[in-house]
Amino acid sequence: MARRVNDHEAFLIALRRKAAARPDLCPAATALVVHLRLGDTLDWDRTDCPRSIARGTSCRFLHPAAAYRRLRLPRGVDHAVLVGDPFYRSKAVPHTGQRSLAYLGDVRQALRERVPVRSERIGAPVDDDIIFLSRARFLLPSSNSGFTRLVALAVRRANGTVLAL
């Protein structure tokens, strides 16, 4: 009798298969990989995020940039890598990504007070981002969305550390 696989296990199996062909998408073991939900959340007026971030409070998908200044870094982290797409869903509802780019700059500056930001993966294909994020030893997701929950599951299964603000 075949073993039934739940959705999370199926995702992890598919991720491993796809990732096997992309050994280049692997962050350094000392990197804090920071996922930022950009694009639609800030540049559409359909969410509360633009107003919340402007007030310096969290919304469903993002934390205020100042929260990154209070981040407690685990041992072993010596730099950060930012991952996000300021133009996410810009074809569905046209937007310029300007609010997302400004937020990205604010988070970059806040993080630099804690740890050097050595690189950024901005606007890469989402499949590549999933592989890269899931291979992080240290992951800081921007939210508790379905996307980041799946990536965090992959990180934990690989004995990585998922941080929270």
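Residues numbered from 1 in each chain as written. Predicted model: local features only at pLDDT ≥ 70, side-chain atom pairs only at ≥ 80, totals over all residues. Heavy atoms only, no water.

1. Examining the sheet that holds strand 1 (residues 31-35)
A sheet is described by the order of its strands in space; here five strands give the open sequence 3-2-1-4-5, paired in parallel fashion. What marks the edges here is a single partner per strand, and that holds for strand 3 (117-122) and strand 5 (161-162). Across five bridges, the pairing between strand 2 (residues 79-84) and strand 3 is parallel. If you follow Val81 over to strand 3, its bridge partner there is Ser119. Where helix 4 (residues 98-112) meets the sheet, it contacts strand 1, strand 2 and strand 3, and its direction lies at approximately 155° from that of strand 3. Lying on the sheet, helix 5 (residues 126-134) is in contact with strand 1, strand 2, strand 3 and strand 4 (138-140); it crosses strand 2 at an angle near 150°. (Pairing = 2+ DSSP bridges. Helix = DSSP H or I, 4+ residues; strand = E, 2+ residues; numbered from the N terminus. Contact = heavy atoms within 4.5 Å. Axes fitted to C-alpha atoms, helices over the stretch in contact; angles between N-to-C directions.)

2. Digging into the environment of Asp127
In this structure, Asp127 sits in helix 5. Judged by relative accessible area, which is 37%, Asp127 ranks as partly exposed. (Buried < 20%, exposed > 50% of the residue type's maximum accessible area, 1.4 Å probe, protein only.)

3. Observations regarding the pairing of strand 1
Burial runs high along strand 1: five of the five residues are buried. Judged from the five bridges that link them, strand 1 and strand 2 form a sheet pairing that is parallel. Note on strand 2: the bridge partner recorded for His35 is Val83. Bridge analysis of strand 1 against strand 4 gives three bridges, and the strand direction is parallel. Within strand 4, the position partnered with Val33 by the bridge is Leu139.

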